[in-house]
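# Structure at a glance
So you can see what is in the structure, the chains are spelled out below.
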Amino acid sequence: MKSALLSGFRQALPIVLGYIPVGFAYGVLAQKSGLGVVNAVGMSLIVFAGSAQLIGAGLFGAGVAPLAIIMTTFVVNLRHLLMSAALAPKLKGWKKRQIAFFGYELTDETFALHTMRMKGEMPRLTETFAVNITAQSSWVIGSVLGYFAGGQIADVRPIGLDYALPAMFIALLVPQLVKPVYLMMAALAALLSVSLFLLGFEQFHVIAATVIASTVGLGVEQWTSRSSS
Amino acid sequence: MDQSIIFMTIVGMGLVTYLPRVLPMLLLSGRNLAPWIGRWLSFVPATVLAALLAPGLLCPEGTLNISDENLFLLVALPTFLVAWKFKSFFGTVAVGMVLVALGRYFLT
């Protein structure tokens, strides 16, 4: 039990390194957008989604209507639907309430980490939950620190905090590129995502690029396996 | 905006975030998916992460910027190299952030 907790904590440390600065940046923005401390930290507890929270804080600051903020959040986070489906086959024999808790802390980063952890034998449940709880705790801590530093800090850019998220995506992406076809489809998804973003599909570019590139990948895989057999 | 309205909005944001995260797992866990669905889903980690990453690197200010003025893109090269060569998640994130901080300090 204790060793499983520790090992989960250790496995989550790289995510902590990324979450503290990004959470900090969110906290600063939330403070500057006029959110009270309960709401700023509450969002990290209730929503727990990096990019959506940064966008959300910005929208609150701009005085956007609540329903529009909720709709934007929904669209920005819809990609988790695919991640959830991708992890589902691994959760054989889990109780519903365990899945309900596990799903609560499914983020881009925990998803990528669990995808790697669950490739072979199923890791211990305690370890899996320790990973998630460590990750969210660091997110909350980062948010709190950022909120209280918000008054003093004008800009998080000089210390490179705004690069934590891209760097984290690079660190998560590279280990996924185990087959040439994955590398090709990652490149295609990148191209599609940027193109759709520039064309003005600023909410749907990630999910559309993911669906299209994965479908093309499946086609390429079918085609090459058929022509080689 | 009133703090209690903000709070209710955050609860709504939480709900629309939680449902897509948990429903596929609840409905599909332990079931045998058709093999092609499994293979399709096996592309998702690589494609979704690339789709999340690319706009931040190529359009950090919202417009396409493929030049040596784009620090995020420049720093991505050594960051990718560290991720690939040392397979260290921790090291990759640290190198990326430190290089951006140094780049801003010395280049601007």
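This report concerns the structure included in the present document. All values derive from a computational prediction rather than experimental measurement. (Residues numbered from 1 in each chain as written. Chains lettered and ligands numbered in written order. Predicted model: local features only at pLDDT ≥ 70, side-chain atom pairs only at ≥ 80, totals over all residues. Heavy atoms only, no water.)

### Describing the side chain of Arg-79 of chain A
Residues and elements named next belong to chain A. Looking at the secondary structure, you find Arg-79 in the loop between helix 4 (66-77) and helix 5 (80-87). What makes Arg-79 buried here is its relative accessible area of 5%. A distance of 3.5 Å separates polar atoms of two side chains, one belonging to Arg-79 and the other to Ser-51. (Helix = DSSP H or I, 4+ residues; strand = E, 2+ residues; numbered from the N terminus. Buried < 20%, exposed > 50% of the residue type's maximum accessible area, 1.4 Å probe, protein only. Polar contact = N/O pair within 3.5 Å; in protein donor to acceptor, adjacent residues only side chain to side chain.)

### A word on the interface of chain B and chain A
The interface is formed by 67 residues belonging to chain B together with 95 residues belonging to chain A. Of the roughly 7,100 Å² buried between chain B and chain A on both sides combined, carbon and sulfur atoms contribute 78%. At the boundary of chain B and chain A, one finds two salt bridges. Glu-221 of chain A is paired through a salt bridge with Arg-39 of chain B; the nearest N and O atoms lie 3.5 Å apart. Between the two partners, chain B and chain A, sit 20 residue pairs in polar contact (both at pLDDT 80 or more). Among the elements of the structure, helix 1 (3-28), helix 2 (35-42), helix 3 (44-58), helix 4 (71-86) and helix 5 (89-107) of chain B are those that each provide at least two residues to the side of chain B that touches chain A. Top contributing element to the side of chain B that touches chain A by residue count: helix 1 of chain B, with 20 residues. Residue classes in the side of chain B that touches chain A are distributed as 48 nonpolar, 15 polar and four charged. (Contact = heavy atoms within 4.5 Å. Buried area = accessible area lost by both parts, 1.4 Å probe. Salt bridge = Lys/Arg side-chain N within 4 Å of Asp/Glu carboxyl O. Nonpolar A, V, L, I, M, F, W, Y, C, P; charged D, E, K, R; others polar.)

### Comments concerning the pattern of salt bridges
Residue and element names in this part refer to chain A. According to the stated counting rule, one finds six salt bridges over all chains in the structure shown. A salt bridge links Asp-108 to Arg-79, with the nearest nitrogen and oxygen atoms 2.8 Å apart. Taken together, the residues span a long stretch of sequence, with Asp-108 in helix 7 (residues 108-117) and Arg-79 in the loop between helix 4 and helix 5 at a distance of 29 residues. On the basis of relative accessibility, which here comes to 5%, the residue Asp-108 falls in the buried class. Between Arg-124 and Glu-127 there is a salt bridge, with its nearest N and O atoms 3.5 Å apart. On the accessibility criterion, Arg-124 (45% relative accessible area) is partly exposed. Residue Glu-127 is classed as buried on the basis of its relative accessible area, which comes to 8%.

### Topic: the environment of Leu-87 of chain A
One can find Leu-87 of chain A in helix 5. Using a relative accessible area of 1% as the deciding quantity, one classes Leu-87 of chain A as buried. Sequence separation between Leu-87 of chain A and Thr-115 of chain A is 28 residues; the distance between their C-alpha atoms is 7.0 Å. Sequence-distant contacts of Leu-87 of chain A, defined by excluding residues within four places in its chain, comprise Phe-102, Leu-106, Phe-111, His-114, Thr-115 and Met-118 of chain A together with Met-25 of chain B.

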